[in-house]
Amino acid sequence: MTRFELNAPDATFEDCDGEIIVINLASGNYYSIRGSICHYWSELIAGRSTVEIINHVAATFSLSEDDVRPTVGKIVQQLLEEKILRPATAETPTGDITISGTAGKYEAPSLERYDDMQDLLLLDPVHEVDVTGWPHRPESEAKNS
Amino acid sequence: MSSVPPQTAPEALIADYFERLLEAFEQAANASGGALAFDASVANRQLAVRYSGAGLGRVFTPALAHLGESPASALCGPALRIYCWETELSGVPLPPPPWHWPDSGEAQQHVVLPASAQRFRLHVTREYEELTLYDTATLRAVVWARDANKLPAYYHAAPFLKVFGWWGDGEGLHLVHAACVGEAGTGLLLAGRGGSGKSTTSLLGLMAGMQFVSDDYCLLESPATTAPTAHCLFSSGKLLRSHLENFPRLARVAVSPPEDGFDKKVIYAHEHFPDQVSPRLRIGAIVLPRVAHLEQCAVTPASFADALKALAPSTLFQLRATDSRSFRAMAALTRKVPCRHLELGRDFAEIPHCLRSILTSLLKESQL
């Protein structure tokens, strides 16, 4: 699988002109993504294949694909592990890749994770609906009704 | 009032329970000789709180007492109505809920209702035996506590916090974890996680004569416009008991609600600085205080990414956001107004000067 999308609604992001800030509402972690990959963020989460992105990065910054592949592959893997991305379900985007901002000099991608807010979630844990639906009437009440 | 959509089974179950809670409230009020009323306005919307007796009023009203009633012509939208009762004084028990309590032993439980019952919002705190159920369709909330005297400091300092957050979601008002002080109608939104110095900075501003909107939570409105606004909810300020020795003037007037894990005392600003608690301020800048252990304070530019990282995570995770609307609003604000770091030095007297210097620089920039 080489196509991904944002793991919404748990993951949400803001493009801060050269830095992508991502919040994972479910885990309590938030992230800062930096580097030239930020120019490709909208393409990445729209389901553009990583192969296409790697090729475009290499062509744009006059690098070899072998130079780009390990770092882009690594951050995509990290984003998957952090549940920021998930395998794409939408159709593959067509047409040329468009990058946001001015490309400038190539900067390797980096992902910084902040977990200093997790204690807030632990203070007030969420109880989700289970597959059988919620709430249930207490059995004793259901029998009596 | 919004039209009520057709009910599905879980929603009907919760709707039925909501009505039973209201009936229990009425019983409790009758047992206490009739409901007590607190009417006010928040962010130009009417707030109507009804208590079954004086006990919960003593907990919830002081931090809201500064909120005056606005003339009807100044109000927009339907009223937010909150009904509160306690079992201890009234003898009326909590009706058995139509669900099993998850047997996790956790002190608090933020219960997410099924998608088909999203009309309602529910929060329970088992440690203090408190339950809040809010109906987004009718803008009514029921708050129950077994014993008002056992509710800890944060209920006194920030009453109905969950309700205000849920209600704000439907009103274009975003509850944010930030302090706000200012002058001449322009405010500085102080953002940062707990312990960053928001309360200290805002209370020092208050003591120096500045307008005060919040030390911890406020309602953000119109973040993407030229007049983003911070609305005041609570007049309370909180300081660690160990920190109060640095504030002898506040230490004399701080009150001690039942202790909780945060070990803070509460100051009701409107009681001691009545002319300075402001219903709202236009946000001129976002300031990110940070305890720096320096001799002197320092103000330096901050990027809007810095501001977003200081403001959004603590708000979203503390208030349990389930979608990105609030995040988008905070991001829009950080793009709209200047952002500054404020390194807090040891000389507390300098801090209000730094706040005023930021406000002065904003004024100069606006005149260029």
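That block above? That's the structure.
Each value, and the rule that gives it
- Residues numbered from 1 in each chain as written.
- Chains lettered and ligands numbered in written order.
- Predicted model: local features only at pLDDT ≥ 70, side-chain atom pairs only at ≥ 80, totals over all residues.
- Heavy atoms only, no water.
- Helix = DSSP H or I, 4+ residues; strand = E, 2+ residues; numbered from the N terminus.
- Buried < 20%, exposed > 50% of the residue type's maximum accessible area, 1.4 Å probe, protein only.
- Contact = heavy atoms within 4.5 Å.
- Areas by Shrake-Rupley, 256 points an atom, 1.4 Å probe, with all protein chains shown as cover.
- Rg over C-alpha atoms; globule rule 2.2 N^0.38 Å.
- Lys, Arg positive; Asp, Glu negative; His and termini not counted.
- Charge placed at Lys NZ, Arg CZ, Asp CG, Glu CD.
- Pairing = 2+ DSSP bridges.
- Phe/Tyr/Trp six-rings, centres within 6.5 Å; stacked < 30°, edge-to-face > 60°.
- Axes fitted to C-alpha atoms, helices over the stretch in contact; angles between N-to-C directions.
- Parallel < 35°, antiparallel > 145°, perpendicular 65-115°, else oblique.
- Left-handed = near helix turned anticlockwise from the far one by under 90°.
- Nonpolar A, V, L, I, M, F, W, Y, C, P; charged D, E, K, R; others polar.
- Polar contact = N/O pair within 3.5 Å; in protein donor to acceptor, adjacent residues only side chain to side chain.

S.K.: Would you mind going over the overall build of chain A with me for this structure?
M.R.: If you tally the helices and strands in chain A, you get 5 helices and 7 strands. Each helix and strand of chain A, placed in order from N terminus to C terminus, yields the pattern β-β-β-β-α-α-α-β-β-α-β-α. When burial is assessed residue by residue, chain A has 43% of its 145 residues classed as buried. In chain A, 70% of the contacts between residues at least 6 apart in sequence involve partners at least 24 apart. When the accessible surface of chain A is summed, it comes to about 7,600 Å², and 50% of that surface belongs to carbon and sulfur atoms.

S.K.: Sorry, what's going on with the overall build of chain B here?
M.R.: Each helix and strand in chain B was counted, giving 11 helices and 17 strands. The C-alpha atoms of chain B give a radius of gyration of 21 Å, which matches the 21 Å a tight globule of 368 residues would have. Projected onto its principal axes, the C-alpha coordinates of chain B cover approximately 60 × 45 × 45 Å. Looking at chain B as a whole, 59% of its 368 residues are labelled buried. Element-wise, carbon and sulfur atoms account for 52% of the exposed surface of chain B, whose accessible area totals about 14,300 Å². Looking at chain B, you have 33 positive and 35 negative side-chain charges, and the mean spots of the two groups are 6 Å apart.

S.K.: Help me understand the pairing of strand 14 (residues 264-268) of chain B, please; the structure alone is not making it clear to me.
M.R.: For a regular strand, the rule is simple: side chains alternate between the two faces of the sheet. All names here are of chain B. Within strand 14, 4 of the 5 residues are buried, which leaves the element mostly enclosed by the surrounding structure. Pairing geometry for strand 13 (residues 236-240) and strand 14, over 5 bridges, is antiparallel. Paired with Gly237 across the two strands is Ile267, which belongs to strand 14.

S.K.: For this particular structure, what's the right way to read the packing of aromatic side chains?
M.R.: Given two aromatic rings, one states the distance between the centres and the angle between the planes to describe the pair. All names here are of chain B. With the rule as written, the count across this model stands at 12 aromatic pairs over all chains. When the centroid spacing of 5.3 Å and the interplanar angle of 65° are considered together, the rings of Phe25 and Tyr83 count as edge-to-face. Here Tyr83 lies in strand 3 (residues 80-86) and Phe25 lies in helix 1 (residues 9-31), a separation of 58 residues in the sequence. Phe25 sits in the buried class, given a relative accessible area of 2%. Relative accessible area serves as the criterion here: at 16%, Tyr83 is assigned to the buried category. Members of the aromatic cluster, joined through ring pairs, are Phe60, Phe160, Phe164, Trp167 and Phe234.

S.K.: I keep staring at unusual backbone geometry and nothing clicks. Help me out?
M.R.: Trans is the common state for peptide bonds, and a negative phi is the common state for residues other than glycine. The step from Ala8(A) to Pro9(A) runs through a cis peptide bond, and the omega angle for that step is 5°. Checked against the element boundaries, Pro9(A) lands in the loop between strand 1 (4-6) and strand 2 (11-15).

S.K.: How should the packing of helix 2 (residues 50-60) of chain A against helix 3 (residues 65-81) of chain A be read in this particular structure?
M.R.: Each packed pair of helices is defined by two parameters, the angle between the axes and the distance between the axes. Residue and element names in this part refer to chain A. Remark: helix 2 packs on helix 3, axes separated minimally by 9 Å, with the N-to-C direction vectors making an angle of 135°. Judged by the angle between their axes, helix 2 and helix 3 are oblique. Crossing of helix 2 over helix 3 shows right-handed handedness. Contacts from Thr50, Ile54, Asn55, Val57 and Ala58 of helix 2 reach helix 3 at Glu65, Val68, Arg69, Val72 and Val76. Its residues placed into classes, the contact of helix 2 with helix 3 shows 6 nonpolar, 2 polar and 2 charged.

S.K.: Could you clarify how one ought to interpret the environment of Pro338(B) in this entry?
M.R.: All names here are of chain B. Here Pro338 lies in the loop between helix 10 (325-336) and strand 17 (339-345). Given the relative accessible area of 25%, Pro338 is considered partly exposed. Excluding residues that lie within four positions of it along the chain, Pro338 makes contacts with Gly284, Ala285, Ile286, Leu362 and Glu365.

S.K.: Explain the sheet that holds strand 2 of chain A to me, please; I cannot follow it from the model alone.
M.R.: Working definition: the strands of a sheet are paired by backbone hydrogen bonds and lie parallel or antiparallel to each other. All names here are of chain A. As summarised here, the arrangement of the 4 strands in space is 2-3-4-6, forming an open sheet in which the pairing is antiparallel. This sheet does not close on itself; its edge strands, each paired only once, are strand 2 and strand 6 (110-114). The sheet shows a mean angle of 20° between the axes of neighbouring strands, taken without regard to direction. Alignment of strand 3 (residues 19-24) against strand 4 (residues 29-34), held across 6 bridges, turns out to be antiparallel. Paired with Ile20 across the bridge in strand 4 is Ile33.

S.K.: Hey, could you run me through the environment of Ser214(B) in this one?
M.R.: Residues and elements named next belong to chain B. Considering the arrangement of structural elements, one finds Ser214 in strand 10 (residues 211-214). Not counting residues up to four positions away in its chain, the partners in contact with Ser214 are Ala178, Ala179, Cys180 and Ser202. Reaching out from Ser214, the side chain makes a polar contact with the backbone oxygen of Ala178 at a distance of 2.7 Å.

S.K.: What is the right way to read the packing of helix 6 (residues 198-207) of chain B against helix 11 (residues 350-367) of chain B from this model?
M.R.: Residues and elements named next belong to chain B. Taken N-terminus to C-terminus, the directions of helix 6 and helix 11 make an angle of 85°; their axes are 9 Å apart at the nearest point. Judged by the inter-axis angle, helix 6 sits roughly perpendicular to helix 11. Contact residues: helix 6 offers Thr201, Leu204 and Gly205, while helix 11 offers Ile351, Pro352 and Leu355. Here the residues of the contact of helix 6 with helix 11 are counted per class, giving 4 nonpolar, 2 polar and no charged.

Purely spatial values, then, with no claim about function.
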